[in-house]
Amino acid sequence: ESGVALVKSGVLTTCTHLPYAPFQSKDDSGKVVGFDVALIDLVAAKLSVKQEIVDTPFEGIKSGADLNSGKCDVAAAGMTITDERKKVIDFSDPYFDATQALATQTGKEVKTLEELAGKRLGVQGGTTGEEYINAQVKQKGLKVEVVSYRDLAALQQALATNQVAAAVNDLPVWNEYIKANPGKAVVAAGFDTGEQYGFAVKKGNTELLKSVNEALASARSDGTYDKIYKEWIGE
Ligand code: ARG
């Protein structure tokens, strides 16, 4: 297969921003695993190369800096396809549907953003969740203090230690957190933002993008996608 020629160095390098379970996180042995990793493994197999994960801040991924500089061949970061991002990177076909959700500690539920007046609301820097909340605050003149955290771990830590009254992130990420920390937090409200995740390549890398889309399409048609979905997301 000429696939090897599509990637820089005989390996398919994947930029992601850890942790973001169930899409990408380290297992007990320190290996990076998850839904995105399993899908990109299929692309690597198709190209007859191995996948190598590069953990890097989300900002550099979504801005195109990492793909354009050649730091990575592909980005896989539970990343939502947006028009703004499409200007700087090329997205694969959508591979996952997501919405935003508001999590609180158990027993401290709020149903609306209005109820957070005078309180702190945590978001993850550079994400669609942050953008959504900032837009809502502006549009509705909400009196909530939005606090931005550099990664998901810091955001979840802030929620667990009462630094924020609530926190917003993608729904599947909260579901995973609640599964891992039973009884500690709940999804108190949802915002139907209708997002879709895409993998990304450097703008104009149509050949690699084609391989990504082909790997996705065969996974969907031969049942592999469903198997991976069940393993990482659930029923
Ligand atoms: N889906 C959201 C977005 O695209 C959050 C992605 C964050 N991903 C990560 N690996 N930290 O903005």
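Note: the structure precedes this text.
Predicted model only: the values in this text are computed from it and were never measured. (Residues numbered from 1 in each chain as written. Predicted model: local features only at pLDDT ≥ 70, side-chain atom pairs only at ≥ 80, totals over all residues. Heavy atoms only, no water.)

**Student:** Even after reading the chapter, I still don't get the nonpolar core, so can you show me in this structure?
**Tutor:** Soluble globular proteins: nonpolar side chains tend toward being buried together. Counting 44 residues, the largest nonpolar core has Leu12 and Phe199 as its most contacted members. Those elements that provide at least two residues to this core are helix 1 (35-46), strand 7 (96-105), strand 9 (145-149), helix 6 (152-160), helix 7 (171-180), strand 11 (185-197), helix 8 (206-222) and helix 9 (224-232). Core analysis: the next-biggest nonpolar cluster, separate from the first, contains 15 residues, Val110, Ile133, Ala189 and Phe191 among them. (Core = buried A, V, L, I, M, F, W, Y, C linked by side-chain atoms within 4.5 Å. Buried < 20%, exposed > 50% of the residue type's maximum accessible area, 1.4 Å probe, protein only. Helix = DSSP H or I, 4+ residues; strand = E, 2+ residues; numbered from the N terminus.)

**Student:** Is there a simple way to explain the sheet that holds strand 6 (residues 89-91) in this structure?
**Tutor:** Through backbone hydrogen bonds, the strands of a sheet pair up, either in parallel or in antiparallel fashion. Here we have 5 strands laid out as an open sheet, ordered 4-1-5-12-6, and mixed in their pairing. With partners counted over all chains shown, the strands left at the sheet margins are strand 4 (50-55) and strand 6, one partner each. Pairing of strand 5 (residues 74-75) with strand 12 (residues 200-202) involves 2 bridges; the strand directions are antiparallel. Each bridged residue has a counterpart across the sheet, and for Val74 the counterpart in strand 12 is Val201. Where helix 1 meets the sheet, its contacts fall on strand 1 (11-16), strand 4 and strand 5, and the angle it forms with strand 4 comes to roughly 135°. (Pairing = 2+ DSSP bridges. Contact = heavy atoms within 4.5 Å. Axes fitted to C-alpha atoms, helices over the stretch in contact; angles between N-to-C directions.)

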